[in-house]
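Observations on the model geometry
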Amino acid sequence: MNFPLILFVLLVITGSICLLDYLFWKKKRAAGESEPWWIEYPKSFFPIILIVFSLRSFVIEPFKIPSGSMIPTLLVGDFILVNKYTYGIRLPVLNKKVMDMNEPKRGDVLVFRYPEDPSIDYIKRVIGLPGDVITYHNKQLIVNGEVIKMEYEGDYKYVESGFGYIYSDRFSEYLNDNSHSILINQEVKGLQYSNVREFEFRDNCKYHRTGFTCEVPAGRYFTLGDNRDSSSDSRYWGFVPEENIVGKAFIIWWNFGDFGRVGLPIR
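The text that follows walks through the structure, step by step, so that each part is easy to find. It should be emphasised that the depicted structure is a prediction, and the values quoted were computed from it without experimental measurement.

**Digging into the overall build of the protein**
Across its full length, the protein holds three helices and 17 strands. The 267 residues of the protein split such that 45% are buried. Considering only residue pairs separated by 6 or more positions, the protein has 56% of its internal contacts joining residues 24 or more positions apart. Of the roughly 14700 Å² of accessible surface on the protein, a fraction of 59% belongs to carbon and sulfur atoms.

**Notes on the state of the cysteines**
Inspection of the entire model under this criterion finds one disulfide. With a sulfur-sulfur separation of 2.1 Å, Cys205 is cross-linked through a disulfide to Cys214. Judged by the sign of its S-S torsion, about 120°, the cystine formed by Cys205 and Cys214 is right-handed. When its relative accessible area of 0% is taken as the criterion, Cys214 is described as buried.

**Looking at the layout of surface pockets**
A water-sized probe rolled over the atoms picks out the places where empty space is left. Of the volumes computed, that of the largest pocket is approximately 620 Å³. The wall of the largest pocket is formed by 22 residues, among which Asn2, Pro4, Arg56, Glu61 and Asp121 lie closest to the centre. Broken down by secondary-structure element, the contributors of at least two residues to the lining of the largest pocket are α1 (3–28), α2 (37–58) and β1 (60–64). Considered class by class, the residues forming the lining of the largest pocket number twelve nonpolar, four polar and six charged.

**Considering the packing of aromatic side chains**
According to the stated counting rule, one finds 21 aromatic pairs in the structure shown. Measuring from ring centre to ring centre gives 6.4 Å for Trp37 and Tyr41, while their planes differ by 65°; the resulting arrangement is edge-to-face. Taken together, the positions of Trp37 and Tyr41, both in helix α2 and four residues apart, correspond to about one turn of that helix. What makes Trp37 exposed here is its relative accessible area of 59%. Ring centres of Trp254 and Phe259 lie 5.4 Å apart, and the angle between their planes is 45°; on these two criteria the pair is classed as tilted. Taking relative accessible area as the criterion, Phe259 reaches 56% and is therefore assigned exposed. Within the aromatic cluster, the residues linked to one another by ring pairs are Tyr136, Tyr193, Phe199, Tyr207, Phe212, Phe222 and Phe239. Lying across the ring of Tyr174, Lys149 places its NZ or CZ 4.8 Å from the centre. Of note, Lys157 hangs over the ring of Tyr165, and the distance from its end group to the ring centre comes to 4.6 Å.

**A short note on the sheet that holds strand β10 (residues 150–160)**
Spatial ordering of the open sheet is given by β10-β11-β12, a layout of three strands whose pairing is antiparallel. Two strands in the sheet have a free side with no partner beyond their single neighbour: β10 and β12 (178–184). Here the strands of the sheet are splayed against their neighbours by 30° on average, with no regard to which way each runs. The pairing of strand β11 (residues 164–175) with β12 spans seven bridges and is antiparallel. Bridge assignment links Glu173 to a residue of β12, and that residue is His180.

**As for α1**
Think of an α-helix as turning once every 3.6 residues; residues three or four places apart then point the same way. A rise of 1.5 Å per residue sets the reference length of α1, with its 26 residues, at 38 Å; its end C-alpha atoms lie 36 Å apart and thus fit the reference within 8%. The largest bend along α1 reaches roughly 55° and is located at Asp21. Listing the buried residues of α1 in full gives Leu7, Leu11, Thr14, Gly15, Ile17, Cys18 and Asp21.

Conventions and cut-offs
Residues numbered from 1 in each chain as written. Predicted model: local features only at pLDDT ≥ 70, side-chain atom pairs only at ≥ 80, totals over all residues. Heavy atoms only, no water. Helix = DSSP H or I, 4+ residues; strand = E, 2+ residues; numbered from the N terminus. Buried < 20%, exposed > 50% of the residue type's maximum accessible area, 1.4 Å probe, protein only. Contact = heavy atoms within 4.5 Å. Areas by Shrake-Rupley, 256 points an atom, 1.4 Å probe, with all protein chains shown as cover. Disulfide = S-S within 2.5 Å. 1 Å grid on protein atoms, 1.4 Å probe; cavity = no way out; pocket = protein on both sides within 12 Å on 5 of 7 lines; lining within 4 Å. Points joined across faces, edges and corners; volume = space filled by probe spheres on them. Nonpolar A, V, L, I, M, F, W, Y, C, P; charged D, E, K, R; others polar. Phe/Tyr/Trp six-rings, centres within 6.5 Å; stacked < 30°, edge-to-face > 60°. Lys NZ or Arg CZ within 6 Å of the ring centre and 35° of its normal. Pairing = 2+ DSSP bridges. Axes fitted to C-alpha atoms, helices over the stretch in contact; angles between N-to-C directions. Expected span 1.5 Å × (residues − 1). Bend = angle between axes of the 7 residues up to and from the residue.

Just geometry here; none of it tells us what the structure is for.
Structure (structure tokens):
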């Protein structure tokens, strides 16, 4: 369901009725005559739809986390807010940037339209910027020849639907001097080569038995899930085009199963 498009259509319909009533229909009604329902209802809903559409399009947008690819940073069932203007102002529905502001930084948690199906929103962490060379070897991340520091935090287990408990190791990973937590499952290979698809700029990546090396093209970003061994990300379907960016995730505003997560910033 394309919710932004639905909101836009409702906004156009209710706004048009309000305008037509102001210009024509109102003048034709007799003094004291009440508005017909098909005018009254759209005029009542138009301000609400306008506010929701404006906030959702230009300021913040809510999302629900549907999968465990970003555990432990984001859990299934987390409701998050996404800053829509931090990377620039975009036209609603078309998602075309009309004003530049900031560029994504390495380590940002990014919401974007899935390159293989833009009707689906994905959330991953930005690992590679345009021009970066990303290497993943034996589950060690290397950016532009620099080995990214990791510190062991301890064991971590979580429930995955259909599989029961999954046991992993939790690490702090440092990007741009900022740390975030990731999960590494030592029993799973760092790259499932059979899941690698053909994608645009596929020749920029070289895959091998223990990992890969990718050079990020101009106007593209390389992303990984924090749950490294249970994530469909740039390793498998390629780079995120700049025009697919929706915004930056910045806070968890609700979780029905764990109220303690409410208000947690996303790092």
